[in-house]
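Below are the chains, spelled out letter by letter.
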Amino acid sequence: MKIQDFRTLMDLQAIQQFSTGNITNTTSSRSMFQEMLTGLMSSDTLENTSQSLGSLLSTVETKAQSILQSNALTSLNPSVTAISTKPTSETVTSFDDMISEAASLYNLPEKLIKSVIKQESNFNPSATSYAGAAGLMQLMPATARSLGVDDITDPKQNIMGGSKYLSQMLSRYNGDIEMALAAYNAGPGNVDKYNGIPPFSETQNYVQKVFKSYMS
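Scope of this entry: the structure provided in the associated data block. (Residues numbered from 1 in each chain as written. Predicted model: local features only at pLDDT ≥ 70, side-chain atom pairs only at ≥ 80, totals over all residues. Heavy atoms only, no water.)

Counting its secondary structure elements, the protein contains 11 helices and 0 strands. Counting the 216 residues in the protein, one finds 33% classified as buried. Sequence separation of 24 or more characterises 43% of the internal contacts of the protein that already satisfy a separation of 6 or more. (Helix = DSSP H or I, 4+ residues; strand = E, 2+ residues; numbered from the N terminus. Buried < 20%, exposed > 50% of the residue type's maximum accessible area, 1.4 Å probe, protein only. Contact = heavy atoms within 4.5 Å.)

Encoded structure:
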């Protein structure tokens, strides 16, 4: 065997160990190296073996460079893969401008309007109830018409109409938010009938949840 062949084998072993990223675990690579060396020493055509080694070495070098580049990229930015594959969401719609406009127009706290919307529809403009209420603030068709809402499914009209109605209930009950919320949910007739929050579990839970959200 030529000295150059032996040096080529040594280079091949070193590159193989480095490209696997586990230099300390050399048992398997040493065994492979010994098998290759034995085969080469028993070969009758050392010239062809040297050529094969050169080709194999070039392939391993190329693979090692690819692995090193990949590892370097991951080390510099470990989240690069996650960022490139993570789906993005562009469907979240903000109604803050509409709520702010309604709050200013009807002298309401923005957070109170948001708390009502959260409980009524969870900010889903397409939400509908079994009773026929619809939109962000779940307006009944007859109530919506009385408030000047032409399209109950239009987010801005719905917010404006619901805010106007909430403002009317607050005025009716002298600024008592819990009474106004009860009237928003069960109707002012029931609030007047029971002289307070009606003994309906749905209405009582509604008032509690909205008021808690508003005060948090």
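Turning to the packing of aromatic side chains, a few remarks are in order. The full count for this structure, using the stated rule, is 2 aromatic pairs. On the numbers, 5.6 Å between centres and 55° between planes, the contact of Tyr-165 with Tyr-184 is tilted. In this pair, Tyr-165 is assigned in helix 8 (residues 155-172) and Tyr-184 in helix 9 (residues 177-186), connecting sequence segments 19 residues apart. Since its relative accessible area comes to 14%, Tyr-165 is described here as buried. Look at Tyr-194 and Phe-200: their rings are 5.7 Å apart centre to centre, the planes differ by 85°, and that puts the pair in the edge-to-face class. Classification of Tyr-194 by relative accessible area gives partly exposed; the value is 36%. Judged by relative accessible area, which is 28%, Phe-200 ranks as partly exposed. (Phe/Tyr/Trp six-rings, centres within 6.5 Å; stacked < 30°, edge-to-face > 60°.)

The full count for this structure, using the stated rule, is 3 salt bridges. Lys-114 is paired through a salt bridge with Asp-96; the nearest N and O atoms lie 3.3 Å apart. Of this pair, Lys-114 sits in helix 6 (residues 110-121) while Asp-96 sits in helix 5 (residues 96-106), placing them 18 residues apart in sequence. Exposure remark for Lys-114: the relative accessible area of 28% places this residue in the partly exposed category. (Salt bridge = Lys/Arg side-chain N within 4 Å of Asp/Glu carboxyl O.)

A separate point is the side chain of Ser-121. Positionally, Ser-121 belongs in helix 6. Residue classification places Ser-121 among the buried residues on the basis of a relative accessible area of 9%. In terms of polar contacts, Ser-121 uses its side chain to reach the backbone carbonyl oxygen of Leu-136, at 2.7 Å. Beyond its immediate stretch of four places on either side in the chain, Ser-121 contacts Ala-127, Gly-135 and Leu-136. (Polar contact = N/O pair within 3.5 Å; in protein donor to acceptor, adjacent residues only side chain to side chain.)

Let us now look at the environment of Ser-213. Structurally, Ser-213 is set in helix 11 (residues 201-215). For Ser-213, a relative accessible area of 27% puts it in the partly exposed group. Sequence separation of Ser-213 and Ser-115 is 98 residues, and the distance between their C-alpha atoms is 5.8 Å. Discounting chain neighbours no more than four positions away, the residues touching Ser-213 are Lys-111 and Ser-115. A distance of 3.2 Å separates a polar atom in the side chain of Ser-213 from a polar atom in the side chain of Ser-115.

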